[in-house]
Amino acid sequence: MRTWEKTLSVLESLRERGETAGHGLVLDTEVFLTQRENATALEKRGLVELAGREDRAELSAWEGRPVRWGARLTPYGHDTLAYARSRPQPAPSPGGTDPHRRLVSSPRRR
C-alpha cells in the first residue's frame, strides 16, 4: 500500500468511527495499535488532533474507564478526505489488470 493510500485509509477510519462516537473522538479501544501509530504520525502533518491530558480525563469520566489515547480529524484532515473523494479515478489500462493480457488490434484491410 502506498503512503498516500495508507494515509487516506487511516483518515477514513477515524472519520467513520468519530461520527459514531457521541463525543467525536476515536478512543484507544476502537482502533488497532498500528492505526494509533499512523494517526499519531498524521498529527505531525496537521491532519489529526490527539486528545490532550484534560480531554482524556473528561473522556475517562464519560467512558467510566481510563482513556489513554483519543484522536479526531482536523479541518485539514476532513478537507484531505473530501479532495481525495472528488478526484477522478484513474482509467483502467487498455490491457486490463491481468499482466498476461494485452490489447490486440485487428490487421488493417486494404
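In what follows, the structure referred to is the one given above.
Residues numbered from 1 in each chain as written. Predicted model: local features only at pLDDT ≥ 70, side-chain atom pairs only at ≥ 80, totals over all residues. Heavy atoms only, no water.

Asks: Hey, could you run me through the overall build of the protein chain in this one?
Replies: Within the protein chain one finds four helices and three strands. Beginning at the N terminus, the succession of helices and strands in the protein chain can be written as α-β-α-β-α-β-α. Split into buried and exposed, the 110 residues of the protein chain put 26% on the buried side. Restricting to contacts in the protein chain with at least 6 residues of sequence separation, those with at least 24 account for 68%. Put simply, the protein chain shows about 8600 Å² of open surface, and 51% of that area lies on carbon and sulfur atoms. (Helix = DSSP H or I, 4+ residues; strand = E, 2+ residues; numbered from the N terminus. Buried < 20%, exposed > 50% of the residue type's maximum accessible area, 1.4 Å probe, protein only. Contact = heavy atoms within 4.5 Å. Areas by Shrake-Rupley, 256 points an atom, 1.4 Å probe, with all protein chains shown as cover.)

Asks: Help me understand the pairing of strand β3 (residues 70-73), please; the structure alone is not making it clear to me.
Replies: For a regular strand, the rule is simple: side chains alternate between the two faces of the sheet. Summarising the sheet, strand β1 (residues 26-27) and β3 pair through two bridges and their orientation is antiparallel. Within β3, the position partnered with V26 by the bridge is A71. Alignment of strand β2 (residues 48-50) against β3, held across three bridges, turns out to be antiparallel. Bridging from a neighbouring strand, E49 pairs with R72 of β3. (Pairing = 2+ DSSP bridges.)

Asks: Honestly, the packing of helix α1 (residues 3-20) against helix α4 (residues 75-86) in this entry has me stumped. Any pointers?
Replies: Two numbers describe how α1 lies on α4: the axes approach to 10 Å, and their chain directions differ by 115°. In terms of their interaxial angle, α1 and α4 are classed as roughly perpendicular. Two packed elements cross with a definite hand, and for α1 against α4 that hand is left-handed. Only G77, H78, T80, L81, A84 and R85 of α4 make contact with α1, whose side of the interface consists of L8, L11, E12 and R15. For the contact of α1 with α4, the class distribution of residues is four nonpolar, three polar and three charged. (Axes fitted to C-alpha atoms, helices over the stretch in contact; angles between N-to-C directions. Parallel < 35°, antiparallel > 145°, perpendicular 65-115°, else oblique. Left-handed = near helix turned anticlockwise from the far one by under 90°. Nonpolar A, V, L, I, M, F, W, Y, C, P; charged D, E, K, R; others polar.)

Asks: Help me out: how do you make sense of the nonpolar core in this one?
Replies: Soluble globular proteins: nonpolar side chains tend toward being buried together. Judged by nonpolar contacts, the single largest core of 13 residues is most densely connected at L11, L14, A39, L42, V48 and L73. Elements with a minimum of two residues in this core: α1, α2 (33-43) and β3. Per-element accounting of this core gives the leading share, three residues, to α1. Grouped together as the second largest cluster of nonpolar side chains are five residues, L25, A51, L59 and V67 included. (Core = buried A, V, L, I, M, F, W, Y, C linked by side-chain atoms within 4.5 Å.)

Asks: Just checking my understanding: could you explain the sheet that holds β1 for this structure?
Replies: Think of a sheet as strands paired side by side through backbone hydrogen bonds, with each pair either parallel or antiparallel. Taken together, three strands build an open sheet; the order of strands is β1-β3-β2 and the sheet is antiparallel. Only two strands of the sheet have a single neighbouring strand rather than two, namely β1 and β2.

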